Amino acid sequence: MQPTDTANPDYYHKVVDCQWACPAHTNVPEYIRLIAQGRYTDAYMLNRESNVFPGILGRTCDRPCEPACRRGRLPEHGESKPVAICRLKRVAADLRDDITDLLPPIPVTKNGKRIACIGAGPASLTVANDLMPHGYDVTVFEKFDKPGGLMRTNIPSFRLPERVLTEEIDAILGMGVGIRYNSPVDSLASLLDADFDSLGFDAVFVGSGAPRGKNLDLPGRYETDRIHIGIDWLGSVAFGHTHSIGERVLIIGVGNTAMDCCRSSRRLGGKDIKVMARRPRAFFKASPWELEDAEEEGVKIVINYAPKRFVIENGVLTGMEFERLQWDTEAKNSKVIDTVILPCDDVILAIGQDNAFPWIERDLGIEFDKWDMPRVDKVTFESTRPGVFFGGDAAWGPKNIIWAVEHAHQAAISIHNHCQGIPVSQRPGHSMNLISQKMGLSEWSYHNDYNPASRQKMQHVDLVRRFEELSIEVELGFSAEQTAREVQRCLNCDIETSFTAAKCIECDACIDICPLSCLTIAGDAPEDVLRHRLSAPAVNPDQALYASKPLPQTGRLMLKDEDLCVHCGLCAERCPTAAWDMQKFQLLIGYAGHVIPIESCTAA
């Protein structure tokens with residue numbers, strides 16, 4: 001087996017499972033340590049480097065980091081739960097000081113390049129955040145009278161308060177971003193060709209989201225005004241146009257938008273609210289915590305019901321007919337058992353979102369695929385017309401905020417390259433720092449004791465109180481005591497076990513002391529053979545197997561299953577020759593205008 005190339009930033013990056021899983025690669029272990037030290041502002045700013053919206057995402061993120069968290073693999077009182085990474089992000093955001101003086105300075109003299117961003121959602125705002133410090137003149141065109149995109153229109157205020165949304169958006173707009181409200185772009189050609197008040201644009205970024213909710217074209221659909229498209233209805237609530245709903249509400253669909261619709265309905269007068277799912281719970285797209293919150297608020301989740309028609313009597317919606325299904329979850333098919341009619345006063349359709357580009361002329365050199373989506377390069381985010389870039393939901397359909405942010409980081413790199421005459425395919429790449437944590441013979445500068453504390457439960461507003469006003473935030477955040485317990489659950493996966501083969505005397509001390517038997521010394525062989533020679537079975541083939549250079553005594557290899565290692569440092573404490581060391585890994589990410597020397601880069 002070839003020795004592991006630990007000089008490649010991707011190797012240690014992938015070992016930090018939470019950071020690897022995060023689309024924006026936020027340095028999770030480091031910001032958790034900063035929170036543990038009470039350095040909330042520093043933790044916030046570290047978050048902001050990559051995810052741009054720590055306060056917003058600390059409340060609304062889909063949390064791809066948490067299923068990857070190594071702590072979730074360790075049984076605690078009969079179950080395994082990851083560190084509450086997302087909620088700790090919120091702690092840093094809620095307790096930070098004013099960050100105005102910590103934001104990057106904006107040049108007074110611009111660089112002469114003008115960028116247009118379509119839509120004031122998270123993707124466009126991130127592009128502006130990345131380009132403004134380099135002297136770009138960025139103008140955002142927004143169809144509504146407030147910024148935020150679907151963060152504002154689709155996430156209810158009881159989950160994301162106006163104050164938090166406004167603060168983090170204003171931090172970007174305050175950089176001098178030009179924003180034109182009530183200015184939908186009806187023609188991309190006019191934006192590309194016209195002067196727009198003497199503004200000629202050098203590049204255009206399309207961050208318009210996926211603004212069209214999917215319809216359900218069934219009998220009775222157009223005979224009443226009490227059938228609503230979910231994202232449009234949420235937008236109407238957000239802008240104060242809708243203040244009430246009927247007592248009996250059916251929500252069709254079971255994604256996160258459906259959860260926001262049913263919980264908003266509960267606050268606007270709905271009493272008998274049912275979320276109708278075509279499939280069993282195992283197929284639900286909604287986040288588990290969203291389902292839990294909805295059910296806590298009295299919403300009923302009804303499975304195996306397929307919509308058949310809307311029941312209209314004398315022009316009035318009175319119910320909806322469903323086919324009741326029996327599912328074979330293994331074969332993933334179903335059969336109809338019978339049909340039932342459920343009474344209702346309103347129906348909200350939350351069955352997905354589509355992109356809509358009627359305003360992009362088809363003769364501009366931007367190619368569209370068979371789904372009427374623009375062809376966008378997955379690395380550069382450039383369309384088939386040079387200088388026109390896409391990101392967020394506008395690129396490949398609905399995802400979530402953190403994906404929109406990462407798309408925008410990459411698009412901003414391309415926009416910068418395009419404007420500076422650099423090929424957009426030339427990426428800044430990733431590099432890394434490794435810093436020894438050794439402070440003494442058996443002492444480290446990080447807390448390496450295993451803390452058996454269980455995952456902390458977020459405090460919520462009392463059920464009665466939360467329905468008094470739409471804007472009452474349900475989640476209250478962690479208390480100081482909860483925060484102290486939760487941060488100690490982190491296993492410091494970025495503190496890496498660094499091995500120097502030349503120092504090893506093959507005494508087996510590290511193997512003897514390893515609590516999880518993740519170390520093995522074995523003769524060289526192909527990786528698939530070596531995986532069967534390990535001290536403990538390698539149950540996760542997707543996680544790397546570390547292999548050292550040949551050891552000086554016997555030529556055998558030191559092997560480590562990265563899936564099992566919990567970074568406790570006992571191997572380094574026990575090693576008599578310091579062949580093992582504990583070193584903190586820091587991923588260095590290249591953003592627009594921030595070039596990492598190419599000789600130290602490995603593209604991620």
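Cut-offs used in this document
Residues numbered from 1 in each chain as written. Predicted model: local features only at pLDDT ≥ 70, side-chain atom pairs only at ≥ 80, totals over all residues. Heavy atoms only, no water. Helix = DSSP H or I, 4+ residues; strand = E, 2+ residues; numbered from the N terminus. Rg over C-alpha atoms; globule rule 2.2 N^0.38 Å. Buried < 20%, exposed > 50% of the residue type's maximum accessible area, 1.4 Å probe, protein only. Phe/Tyr/Trp six-rings, centres within 6.5 Å; stacked < 30°, edge-to-face > 60°. Lys NZ or Arg CZ within 6 Å of the ring centre and 35° of its normal. Pairing = 2+ DSSP bridges. Axes fitted to C-alpha atoms, helices over the stretch in contact; angles between N-to-C directions. Patch = residues over 30% accessible without salt bridge, like charges linked within 9 Å, V, L, I, M, F, W, Y side chains within 5 Å. Areas by Shrake-Rupley, 256 points an atom, 1.4 Å probe, with all protein chains shown as cover. Salt bridge = Lys/Arg side-chain N within 4 Å of Asp/Glu carboxyl O. Lys, Arg positive; Asp, Glu negative; His and termini not counted. Charge placed at Lys NZ, Arg CZ, Asp CG, Glu CD. Contact = heavy atoms within 4.5 Å. Parallel < 35°, antiparallel > 145°, perpendicular 65-115°, else oblique. Left-handed = near helix turned anticlockwise from the far one by under 90°. Nonpolar A, V, L, I, M, F, W, Y, C, P; charged D, E, K, R; others polar. pLDDT = per-residue confidence, 0-100. Arc of directions from axis to C-beta.

Engineer: Would you take a moment to explain the overall build of the chain for this structure?
Structural biologist: Scanning the chain from N- to C-terminus turns up 21 helices and 25 strands. Computed over its C-alpha atoms, the radius of gyration of the chain comes to 27 Å, within 12% of the 25 Å expected for a compact globule of 604 residues. Its C-alpha atoms give the chain principal-axis dimensions of roughly 90 × 60 × 45 Å. Going through the 604 residues of the chain one by one, you find that 56% of them count as buried.

Engineer: What am I meant to see in the packing of aromatic side chains here?
Structural biologist: Given two aromatic rings, their pairing is described by the distance between the two centres and the angle made by the two planes. Scanning the model with the defined rule gives 11 aromatic pairs in all. For the ring pair Tyr12 and Phe585, a centre distance of 6.1 Å and an interplane angle of 55° mean the geometry is tilted. Here Tyr12, found in helix 1 (residues 9–15), pairs with Phe585, found in strand 25 (residues 580–589); they are 573 residues apart in sequence, far enough to count as distant. Here the two residues Tyr12 and Phe585 agree in accessibility, since each one is buried. A network of ring pairs unites the aromatic residues Phe357, Trp359, Phe368 and Phe390 as a single cluster. Stacked on the ring of Trp289, the Lys or Arg Arg63 has its end atom at 3.8 Å from the ring centre. The ring of Phe283 is capped by Arg279, whose NZ or CZ atom sits 4.9 Å from the centre of that ring.

Engineer: Whenever I open this one, the sheet that holds strand 16 (residues 430–436) confuses me. Can you help?
Structural biologist: Strands belonging to one sheet form pairs held by backbone hydrogen bonds; the direction of such a pair is parallel or antiparallel. On the basis of which strands lie adjacent, the open sheet formed by three strands has the order 16-25-21 and antiparallel pairing. Two strands in the sheet have a free side with no partner beyond their single neighbour: strand 16 and strand 21 (495–499). The sheet shows a mean angle of 45° between the axes of neighbouring strands, taken without regard to direction. Two elements, strand 16 and strand 25, share seven bridges in a ladder whose sense is antiparallel. Within strand 25, the residue paired with Leu434 across the bridge is Phe585.

Engineer: What am I meant to see in a positive patch on the surface here?
Structural biologist: The grouping of Lys214, Arg278, Arg279, Lys285 and Lys332 at the surface amounts to a positive patch. Its place among the elements puts Arg279 in the loop between strand 8 (272–276) and helix 14 (288–296). A relative accessible area of 36% means that Arg279 is categorised as partly exposed.

Engineer: What should I look at first to understand the sheet that holds strand 8 in this one?
Structural biologist: Ordered by their spatial adjacency, five strands build an open sheet running 6-13-7-8-9, and the pairing between neighbours is parallel. The sheet is open, and its two borders are formed by strand 6 (227–229) and strand 9 (300–302), each paired with just one other strand. Along the sheet, successive strands turn relative to each other by an average axial angle of 20°, direction set aside. In the sheet, strand 7 (residues 248–252) pairs with strand 8 via five bridges, with the strands oriented parallel. Across the sheet, Arg248 pairs through a bridge with Asp272, a residue of strand 8. Strand contacts of helix 12 (residues 230–238): strand 6 and strand 13 (346–349), with the helix running at about 90° to strand 6, the strand carrying the most contacts.

Engineer: Whenever I open this one, the packing of helix 13 (residues 256–267) against helix 14 confuses me. Can you help?
Structural biologist: Packed helices, taken two at a time, are described by the angle their axes make and the gap between the axes. Interaxial distance between helix 13 and helix 14 falls to 10 Å at its minimum, and their mutual angle equals 20°. As summarised for this structure, helix 13 and helix 14 are arranged roughly parallel, according to the angle between their axes. Classified by chirality, the crossing of helix 14 by helix 13 is left-handed. Every residue of helix 14 that contacts helix 13 at Asn256, Met259, Asp260, Cys262 and Arg263 is listed here: Glu290, Leu291, Asp293 and Ala294. Of the residues belonging to the contact of helix 13 with helix 14, the class tally is four nonpolar, one polar and four charged.

Engineer: For this particular structure, what's the right way to read the pattern of salt bridges?
Structural biologist: Scanning the model with the defined rule gives 37 salt bridges in all. One salt bridge connects Glu475 with Arg87, and the closest N-O pair in it is separated by 2.7 Å. Of this pair, Glu475 sits in strand 20 (residues 475–477) while Arg87 sits in helix 7 (residues 85–95), placing them 388 residues apart in sequence. Judged by relative accessible area, which is 12%, Glu475 ranks as buried. Classification of Arg87 by relative accessible area gives buried; the value is 10%. For the salt bridge of Glu247 with Lys271, the shortest nitrogen-to-oxygen distance reads 3.8 Å. In this pair, Glu247 sits in the loop between helix 12 and strand 7 while Lys271 sits in the loop between helix 13 and strand 8, placing the two residues 24 residues apart along the sequence. For Lys271, a relative accessible area of 60% translates into the label exposed.

Engineer: Explain the pairing of strand 12 (residues 333–343) here, please?
Structural biologist: Along any regular strand, the residues point their side chains to alternate faces of the sheet. The pairing of strand 11 (residues 316–328) with strand 12 spans 10 bridges and is antiparallel. Paired with Gln326 across the strands is Lys335, a residue of strand 12. Adjacent in sequence and paired antiparallel, strand 11 and strand 12 are bridged by four residues, among which Lys332 carries a positive phi angle near 60°.

Engineer: Which parts of the structure should I look at to understand helix 14?
Structural biologist: Residue pairs three or four apart in sequence face the same way in an α-helix, which turns once every 3.6 residues. Restricting attention to buried positions, one finds in helix 14 the residues Trp289, Glu290, Leu291, Asp293 and Ala294. For helix 14, the elements touching its buried residues are helix 13, strand 9, strand 19 (459–460) and strand 20. In the segment just after helix 14, Gly298 is the residue with positive phi, at about 90°.

Engineer: Can you walk me through the confidence of the model for the chain in this structure?
Structural biologist: Residues shown with low pLDDT carry predicted positions that ought not to be read at fine detail. For the chain, per-residue confidence averages 92 on the pLDDT scale, and residues scoring 70 or more make up 96% of the total. Considering only residues more than four positions removed or in separate chains, one finds that residues 597–604, a stretch of pLDDT under 50, has 13 contacts.

Engineer: Sorry, what's going on with helix 18 (residues 480–487) here?
Structural biologist: Those residues of helix 18 that sit buried are Gln482, Thr483, Glu486 and Val487. All buried residues of helix 18 fall inside an arc of 120° around its axis, so they share one side. Pointing more than 90 degrees away from the buried face of helix 18 are the exposed residues Ala480 and Glu481.

Engineer: In this structure, what is going on with the packing of helix 12 against helix 13? I would like to understand it.
Structural biologist: As a packed pair, helix 12 and helix 13 sit with axes 10 Å apart at the nearest point and diverge in direction by 45°. Regarding the angle of helix 12 to helix 13, the classification is oblique. For helix 12 against helix 13, the interelement crossing comes out left-handed. The residues of helix 13 that touch helix 12, namely those facing Gly230, Ile231, Trp233 and Leu234, are Thr257, Asp260, Cys261, Ser264 and Ser265. Tallied by class, the residues present in the contact of helix 12 with helix 13 amount to four nonpolar, four polar and one charged.

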